[in-house]
Amino acid sequence: MNSLQRRLGLGLIAALLVVGLILLQASLWLFEAGLRRSLETDLREETEGLLVALVPGADGLQLDAQRLGPRYQRAFSGHYFRIDSADRDWRSRSLWDSDLDWPAQDGLHSELVDGPQGQRLLVYRAEYRRGGQTLHISVAQDYTPILDSFRQVRLGGLALLGLALLAFGLLQRLAIRTALRPLESARVQIAELQQGRRAQLDTHVPQELQPLVTQINHLLTQTDETLKRSRHAIGNLGLVQKERAHLQV
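A look at the nonpolar core
Core analysis: the largest hydrophobic core is formed by 25 residues, its most contacted members being L50, F81, I83, L122, I137, V139 and Y143. Mapped onto this core, the elements with two or more residues apiece are α1 (4–53), β3 (79–84), β7 (120–130), β8 (133–142) and α2 (144–194). When residues of this core are assigned to their parent elements, the largest contribution, seven residues, is made by α1. Non-local contacts of V139, meaning those with residues more than four positions away in its chain, are made with L43, E46, T47, L50, Y72, Y80, F81, W102, L122, V123 and Y124. Within the second largest apolar cluster, eight residues are counted, among which are L95, W102, V113 and A140.

Set out below in C-alpha cells:
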C-alpha cells in the first residue's frame, strides 16, 4: 500500500544520510590534511636536527649519537631515520635489523609506507649540503595511532549520525502527521456530504488545499443547480401532462 508519509520520510532520511556521510568524510579529510601539514613541519625540523647531529670527523662526516633523541635509540619506537651521502649512509637504531622502502622524492610522501611490526609510516625526505657533500635525510613517524583515532572518530560519527537520523525520523513523522491533518478533516467533511449533513466543504484550509476545496465546492454548486433545474423541468412536465389530461376529459 502506497503511503505518502512513508515516501516523504524515506526520501528525506535518505537525503540526510547522504549529506551526513559526505559532511563526516569531508570533515575528517580536512582535519587529516591539516594534521599532515603540521606533521610535515615537525618532520622537517627532525631532518634539520639530524643535519646538526652530523659533525666533521677524521674520516669525514660522522653522526653524533649523543645529539639524537632517545626515540631513535629504542627499537621499533615508531620514529626512524636514514641519512644517505655519496660514500656512506646512517640509519636509526630504532629500525633494529629491518629496513624501509624509503621514497626517492623530496618532501612529504603522499602514501604511507609499511614499517616494522605492522606500522604505517608517514615519511618526509629532504636534501641538504654539508661539508661539500649532498645529503638526503629521510625521517619516518608511525601513523598507525592516528589512523586508529580516525577510525574511532568515524565510527562515533556514524553512531551520532544514526541517532540524529532516528530523532529526525520521529520528528519528521510527527510533522507530516500534523501537516496532513487538514486532509483528514477534508475526508470527514466529504463523508458528511455523502450523508447529506453538509452542503459545502470548509474553505478555511491550508493554501495548498485551497484550489482543490474551491473546485469541489464549485462542482457541488453546479450539481445542486443542475438538480434544481431538473426538478423544475420535471415539475413543469407534470403540470403539462395534467393540463392535457384535463382537456381530453
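Considering the pattern of salt bridges
A full pass over the atoms with the stated rule returns 10 salt bridges. The closest approach of N and O atoms between R36 and E32, which form a salt bridge, is 3.7 Å. Here E32 and R36 lie together in helix α1, a separation of four residues that amounts to about one turn. Between D99 and R91 there is a salt bridge, and its shortest N-O distance comes to 3.9 Å. By relative accessible area, which is 44% here, D99 ends up partly exposed. Residue R91 is classed as partly exposed on the basis of its relative accessible area, which comes to 32%.

Here we look at α2
The end-to-end C-alpha separation of α2 is 73 Å, in line with the 75 Å expected for 51 residues at 1.5 Å each. Of all the bends found along α2, the most pronounced is centred on L180 and spans about 35°, while P182, a proline, follows it within four residues. Within the sequence span of α2, burial applies to I146, F150, G157, L161, L165, G169, Q172, I176, Q189, E192 and L193. In the stretch just after α2, G196 is the one whose phi turns positive, near 80°.

With respect to a nonpolar patch on the surface
The grouping of L17, L21, L155 and L158 at the surface amounts to a nonpolar patch, some 330 Å² of accessible area in total. Of all elements in the fold, only α1 and α2 reach the threshold of two or more residues within the nonpolar patch. The partly exposed category is assigned to L158, whose relative accessible area is 37%.

Looking at the pairing of strand β2 (residues 60–63)
Side-chain positions along a regular strand alternate between the two faces of the sheet. Judged from the four bridges that link them, strand β1 (residues 54–57) and β2 form a sheet pairing that is antiparallel. Opposite V55, over in β2, you have Q62 as the bridge partner. Here β1 folds back onto β2 in antiparallel fashion, the turn holding two residues.

Conventions used here
Residues numbered from 1 in each chain as written. Predicted model: local features only at pLDDT ≥ 70, side-chain atom pairs only at ≥ 80, totals over all residues. Heavy atoms only, no water. Core = buried A, V, L, I, M, F, W, Y, C linked by side-chain atoms within 4.5 Å. Buried < 20%, exposed > 50% of the residue type's maximum accessible area, 1.4 Å probe, protein only. Helix = DSSP H or I, 4+ residues; strand = E, 2+ residues; numbered from the N terminus. Contact = heavy atoms within 4.5 Å. Salt bridge = Lys/Arg side-chain N within 4 Å of Asp/Glu carboxyl O. Expected span 1.5 Å × (residues − 1). Bend = angle between axes of the 7 residues up to and from the residue. Patch = residues over 30% accessible without salt bridge, like charges linked within 9 Å, V, L, I, M, F, W, Y side chains within 5 Å. Areas by Shrake-Rupley, 256 points an atom, 1.4 Å probe, with all protein chains shown as cover. Pairing = 2+ DSSP bridges.

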